[in-house]
Amino acid sequence: MAKPYSDALIADGPLLFISGQIPLGPDGEVAGDIGGQTRQVLRNIEEILARHGADLSHLVKATYYLRHISDLEEFRSALVDTLPAGHLPTSTLVEVSGLIDPTYMVEIDGIACLPKVR
């Protein structure tokens, strides 16, 4: 699989810093697999971006926290399926020993470059 990130990007606009998002859906449920959790976290980020007039294509940097590096292939697949086609933010991925809730398999924080208001 091709790498699902960019080596570098230039950001030219106001920056939005997004705190770590967890895989908690609006109904309070957490998906049972890494693919579902990754998609939910990205939906949560997408909602934050929308409140600021942006979308996932404005995400320029993401940090991915995985509980199990063995989930990497399924995580990357969900990531590529969810991000806009051709958009690959810069990123850092780390395996962590735990997250705030033991059912969480992934957490993502990010930086977005908001559209300039003209």
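What counts, and where the lines are drawn
Residues numbered from 1 in each chain as written. Predicted model: local features only at pLDDT ≥ 70, side-chain atom pairs only at ≥ 80, totals over all residues. Heavy atoms only, no water. Helix = DSSP H or I, 4+ residues; strand = E, 2+ residues; numbered from the N terminus. Rg over C-alpha atoms; globule rule 2.2 N^0.38 Å. Pairing = 2+ DSSP bridges. Right-handed = clockwise from strand over helix to strand, strands pointing away. Axes fitted to C-alpha atoms, helices over the stretch in contact; angles between N-to-C directions. Left-handed = near helix turned anticlockwise from the far one by under 90°. Contact = heavy atoms within 4.5 Å. Nonpolar A, V, L, I, M, F, W, Y, C, P; charged D, E, K, R; others polar. Buried < 20%, exposed > 50% of the residue type's maximum accessible area, 1.4 Å probe, protein only. Arc of directions from axis to C-beta. Core = buried A, V, L, I, M, F, W, Y, C linked by side-chain atoms within 4.5 Å.

J.: How do you make sense of the overall build of the protein chain when you look at a structure like this?
T.: Of the regular secondary structure elements, the protein chain holds two helices and four strands. In sequence order, the protein chain lays out its α and β elements as β-α-β-α-β-β. For a compact globule of 118 residues, the expected C-alpha radius of gyration is about 13 Å, and the protein chain comes in at 14 Å, within 12% of that figure. Expressed as lengths along the three principal axes of its C-alpha atoms, the size of the protein chain is roughly 45 × 35 × 25 Å.

J.: Help me understand the pairing of strand β3 (residues 90–95), please; the structure alone is not making it clear to me.
T.: In the case of a regular strand, side chains alternate between the two sheet surfaces. Two elements, strand β2 (residues 59–66) and β3, share six bridges in a ladder whose sense is parallel. What sits directly across from Leu66, in β3, is Glu95. Taken together, β2, helix α2 (residues 72–82) and β3 form a β-α-β motif whose crossover is right-handed.

J.: What exactly am I supposed to notice about the packing of helix α1 (residues 34–51) against α2 here?
T.: Viewed as axis vectors pointing N to C, α1 and α2 meet at an angle of 40°, and their least axial separation amounts to 8 Å. In this structure, α1 meets α2 at a crossing whose hand is right-handed. Counted together, Ile34, Gly35, Thr38, Arg39 and Leu42 of α1 and Glu74, Phe75, Ala78, Leu79, Asp81 and Thr82 of α2 form the full contact between these two elements. For the contact of α1 with α2, the per-class residue count stands at five nonpolar, three polar and three charged.

J.: Would you mind going over the sheet that holds β2 with me for this structure?
T.: Whenever strands of a sheet pair, they do so through backbone hydrogen bonds, lying parallel or antiparallel. Strand order in the open sheet made by the four strands is β1-β4-β2-β3, with mixed pairing throughout. Taken across any chain shown, the strands that pair with only one partner, and hence form the sheet edges, are β1 (15–21) and β3. Strand after strand, the sheet turns through a mean of 10° between neighbouring axes, direction not considered. Of the strands in this sheet, β2, β3 and β4 (106–113) touch α2, which is tilted by about 150° from β2.

J.: Would you explain α2 in this entry?
T.: Along an α-helix, residues three or four positions apart point the same way, because every turn accommodates 3.6 residues. The complete set of buried residues in α2 reads Phe75, Ala78 and Leu79. For α2, the arc enclosing every buried residue in end-on projection is 100°, short of the 170-degree limit, so these residues lie on one face. Residues of α2 that are exposed and point more than 90 degrees away from the buried face comprise Glu73 and Asp81.

J.: In this structure, what is going on with the nonpolar core? I would like to understand it.
T.: The nonpolar side chains of a soluble globular protein tend to be buried with one another. Leu16, Ile18, Ile45, Leu49, Phe75, Val106 and Ile108 are the most contacted members of the largest nonpolar core, which has 22 residues in total. If you list the elements that add at least two residues to this core, you get β1, α1, β2, α2 and β4. In terms of residue count, the dominant contributor to this core is α1 (six residues). Excluding anything up to four places from it in sequence, Ile45 contacts Ile18, Gln21, Leu56 and Ile108.

J.: Which parts of the structure should I look at to understand the pairing of β4?
T.: Counting buried positions over the eight residues of β4 gives six, a clear majority of the element. Here seven bridges tie β2 to β4, and the two strands are oriented antiparallel to one another. For Leu66, the partnering residue across the bridge sits in β4 and is Val106.

Keep in mind that these numbers describe shape and distance, not what the molecule does.
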